[in-house]
Amino acid sequence: MTSLFQRLKTDCADEWCSYTHHAFVRGMGDGSLPEAAFRDYLVQDYLFLIQFARAYALATYKARSLSEMRAGLDGLKAILDVEMDLHVRLCAKWGLSTVDLETTPEKPQTIAYTRFVLDAGQAGDLLDLYAALAPCMIGYGEIGKALQKHATPDNPYAEWIAEYASDGYQEIMAASIANLDALAVDMLTENRYPRLKHLFSQATLLEADFWQMGLDAEQDEK
Ligand SMILES: Cc1ncc(CN)c(N)n1
């Protein structure tokens, strides 16, 4: 049986490309991304992760079995115990504390993306929620791995790239794909597919908007 993730990615190939090959991503890869764009992105991403942790808490709540509950909890822990540490470490280099981060106002793009995913989960079931969450967890693993292939040791974004290319994150990514595909075996019907595709496509476009937010912030600073 084809993987639901692969089917969604194929059917949303243009959106996926606009996300994973965005100018912001290419700028991280060749090191040309202005630091101001990265800083703005990273602070907003910290706020984004707080809301995404809530989405995994919602997935834990909506679970129908202990193993589904553990999958939700693993996603929650990956964000709170691993991913956010990267943001705290990198932001500390600019003198930003966690209080500074948490008191920064969320930008419209952060609100749009995170509340879209939370609403997908609240209005729908576990499969809807994971379809909306998939571009986040899986896309960054793909981007990290692709950028690592060409990144030079003096790349200013090497630490970010290394985190998402790491074995730890790649395992999180593989678990996200396996989890989505396993839920599909149990819950997917052809009638449901258009809605899942809409959720996946929209979340992927909101990812691209999130990168663009960083680029626009740097232009506004000038
Ligand atoms: C916007 C966004 N998308 C995805 C990820 C990776 N979990 C992230 N940190 N931020």
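How each quantity is defined
- Residues numbered from 1 in each chain as written.
- Predicted model: local features only at pLDDT ≥ 70, side-chain atom pairs only at ≥ 80, totals over all residues.
- Helix = DSSP H or I, 4+ residues; strand = E, 2+ residues; numbered from the N terminus.
- Rg over C-alpha atoms; globule rule 2.2 N^0.38 Å.
- Buried ≥ 20, exposed ≤ 12 C-beta atoms within 10 Å, placed from the backbone.
- Contact = placed C-beta atoms within 7 Å.
- Near = placed C-beta within 6 Å.
- Nonpolar A, V, L, I, M, F, W, Y, C, P; charged D, E, K, R; others polar.
- pLDDT = per-residue confidence, 0-100.
- UniProt positions renumbered as here; feature names shortened; annotations may be inferred.
- Axes fitted to C-alpha atoms, helices over the stretch in contact; angles between N-to-C directions.
- Parallel < 35°, antiparallel > 145°, perpendicular 65-115°, else oblique.
- Left-handed = near helix turned anticlockwise from the far one by under 90°.
- Core = buried A, V, L, I, M, F, W, Y, C linked by C-beta atoms within 7 Å.
- Arc of directions from axis to C-beta.

A. Just the overall build of the protein chain, in detail. Helices and strands together make up the secondary structure of the protein chain, namely eleven helices and zero strands. When the helices and strands of the protein chain are read in sequence order from the N terminus, they spell out α-α-α-α-α-α-α-α-α-α-α. In terms of overall size, the protein chain behaves like a compact globule, its C-alpha atoms giving a radius of gyration of 17 Å where 222 residues would be expected to give roughly 17 Å. Judged by the C-alpha coordinates and their principal axes, the protein chain covers about 50 × 35 × 30 Å. Looking at the protein chain as a whole, 41% of its 222 residues are labelled buried. Pairs at least 24 apart in sequence give 80% of the contacts found in the protein chain among residues at least 6 apart.

B. Inspection of the site of the ligand at higher detail. Close to the ligand lie Asp 45, Phe 48, Leu 49, Glu 83, Cys 136, Met 137, Tyr 140, Glu 207 and Phe 210. Where the shell around the ligand is concerned, the elements lending two or more residues are helix H4 (35–62), helix H8 (126–150) and helix H11 (193–221). Of the residues contributing to the shell around the ligand, the split by class is six nonpolar, no polar and three charged.

C. Representation of the confidence of the model for the protein chain within the structure. Per-residue confidence for the protein chain averages 97 on the pLDDT scale, and 100% of its residues sit at or above 70. The ipTM assigned to the predicted complex is 0.99, against a pTM of 0.97.

D. Region of interest: the UniProt feature "domain: Thiaminase-2/PQQC" (unreviewed entry) in the protein chain. This chain's UniProt record puts "domain: Thiaminase-2/PQQC" (unreviewed entry) on residues 16–216. Across residues 16–216, helical content stands at 83% and strand content at 0%; the span's end C-alpha atoms are separated by 21 Å.

E. Layout of the packing of helix H2 (residues 13–20) against H11. Two numbers describe how H2 lies on H11: the axes approach to 8 Å, and their chain directions differ by 25 degrees. Comparing their axes, H11 and H2 come out roughly parallel. Seen from above, H2 lies across H11 with left-handed handedness. Residues Glu 15, Trp 16, Ser 18 and Tyr 19 of H2 touch H11, and the partners they reach there are Ser 201, Thr 204, Leu 205, Glu 207 and Ala 208.

F. Region of interest: the packing of H8 against helix H9 (residues 158–165). Axis separation between H8 and H9 bottoms out at 7 Å; the angle between their running directions is 120 degrees. As judged from the angle between their axes, H8 and H9 are oblique. Crossing hand, H8 versus H9: left-handed. Within the contact between the two elements, H8 uses Tyr 140, Gly 141, Ile 143, Gly 144, Lys 145, Leu 147 and Gln 148 and H9 uses Ile 161, Glu 163, Tyr 164 and Ala 165. Considering only residue class, the contact of H8 with H9 consists of six nonpolar, three polar and two charged.

G. Quick look at the nonpolar core. Leu 129, Tyr 130, Leu 133 and Ala 134 are the most contacted members of the largest nonpolar core, which has 59 residues in total. In terms of residues, this core owes the most to one element, H8, which gives 14 residues. Excluding its chain neighbours within four sequence positions, the residues that come into contact with Tyr 130 are Ala 59, Asn 179, Leu 180 and Leu 183.

H. Fine view of the environment of Gly 29. Assignment of secondary structure puts Gly 29 in helix H3 (residues 23–30). Residue class for Gly 29 comes out buried when judged on the 21 C-beta atoms lying within 10 Å of it. Excluding its chain neighbours within four sequence positions, the residues that come into contact with Gly 29 are Leu 147, His 150 and Ala 151.

I. Quick peek at helix H1 (residues 4–11). Along H1, the residues classified as buried are Leu 4, Phe 5, Leu 8 and Lys 9. The arc that holds the buried residues of H1, viewed along the axis, is 130 degrees, so those residues lie on one side. Opposite the packed face of H1, turned more than 90 degrees from it, sit the exposed residues Gln 6 and Thr 10. Turning to H1, the residues buried within the fold contact H2, H8, helix H10 (167–187) and H11.

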